[in-house]
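What follows is the residue order along each chain.
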Amino acid sequence: SIKEHAPGCVFPVLVPNAKGLQAALAAGAKEVTLLTAASDTFAQRNTNCTVEENLQRAKAVLEAAKEAQCAVRAAISVCLGCPYEGEVSPKRVAQVACRLLE
C-alpha cells in the first residue's frame with residue numbers, strides 16, 4: 001500500500017456524502033475532505049443535489065465522521081467562479097462556509 005512507502009503521511013479521502021464516508025472508513029481512512037459547492041448548477045451536475053441539499057448531507061457526514069473519530073476538512077468548489085453559472089459572489093461562498101461551521 002502507499003502508506004507503507006510514505007510513513008507519517010496523511011492521505012485524506014475526498015467524500016461527497018455519507019456513502020463515500022463509509023467507503024473511506026472501511027478502507028481505513030483517518031481523514032476525509034468533504035466536498036461542497038458554492039453554486040447550485042455545479043452541485044447538481046456533480047452530486048445530483050442543490051447546495052442546500054448538499055449542506056444537509058454534509059451535516060450527516062460530519063456527525064458520522066465525528067462518531068468514527070475521523071478528521072474532516074471541507075472544500076468548497078467553484079468559489080472563484082463556476083463553469084456553468086459564471087461569477088460566484090463572495091457572499092455566497094461565505095454563506096456556504098458558515099453553514100459548514102454550524
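Preceding this paragraph is the structure being described.
Just so it is clear, the structure is predicted and the values come from calculations on it, not from any experiment.

Peer 1: Explain unusual backbone geometry to me, using residue names and the numbers behind them.
Peer 2: The phi torsion at N48 lies on the positive side, around 60 degrees, for a residue other than glycine. Tracing the backbone shows N48 in the loop between α3 (40–47) and α4 (51–67). The exposure class assigned to N48 is exposed, which follows from its relative accessible area of 59%. Of note, V78 is a non-glycine position whose phi angle comes to about 55 degrees, a positive value. Relative to the helices and strands, V78 resides in the loop between β3 (71–77) and α5 (90–101).

Peer 1: Run through α3, naming residues and quoting values.
Peer 2: Those residues of α3 that fall on the buried side of the exposure criterion are F42, A43 and T47. The buried residues of α3 occupy an angular sector of 100 degrees when the element is viewed end-on, so they sit on one face. Contacts from the buried residues of α3 go to β2 (31–37), α4 and β3. Of the residues one or two after α3, N48 is the one with positive phi, at around 60 degrees.

Peer 1: An account of the layout of surface pockets is requested, with residue identities and associated values reported.
Peer 2: What the largest pocket holds in volume is close to 180 Å³. Sorting the residues of the lining of the largest pocket by element identifies α4 and α5 as the ones contributing at least two each. Counting residues per element, the lining of the largest pocket draws most heavily on α4, at six residues. Broken down by class, the residue content of the lining of the largest pocket amounts to four nonpolar, one polar and four charged.

How each quantity is defined
- Residues numbered from 1 in each chain as written.
- Predicted model: local features only at pLDDT ≥ 70, side-chain atom pairs only at ≥ 80, totals over all residues.
- Heavy atoms only, no water.
- Helix = DSSP H or I, 4+ residues; strand = E, 2+ residues; numbered from the N terminus.
- Buried < 20%, exposed > 50% of the residue type's maximum accessible area, 1.4 Å probe, protein only.
- Arc of directions from axis to C-beta.
- Contact = heavy atoms within 4.5 Å.
- 1 Å grid on protein atoms, 1.4 Å probe; cavity = no way out; pocket = protein on both sides within 12 Å on 5 of 7 lines; lining within 4 Å.
- Points joined across faces, edges and corners; volume = space filled by probe spheres on them.
- Nonpolar A, V, L, I, M, F, W, Y, C, P; charged D, E, K, R; others polar.

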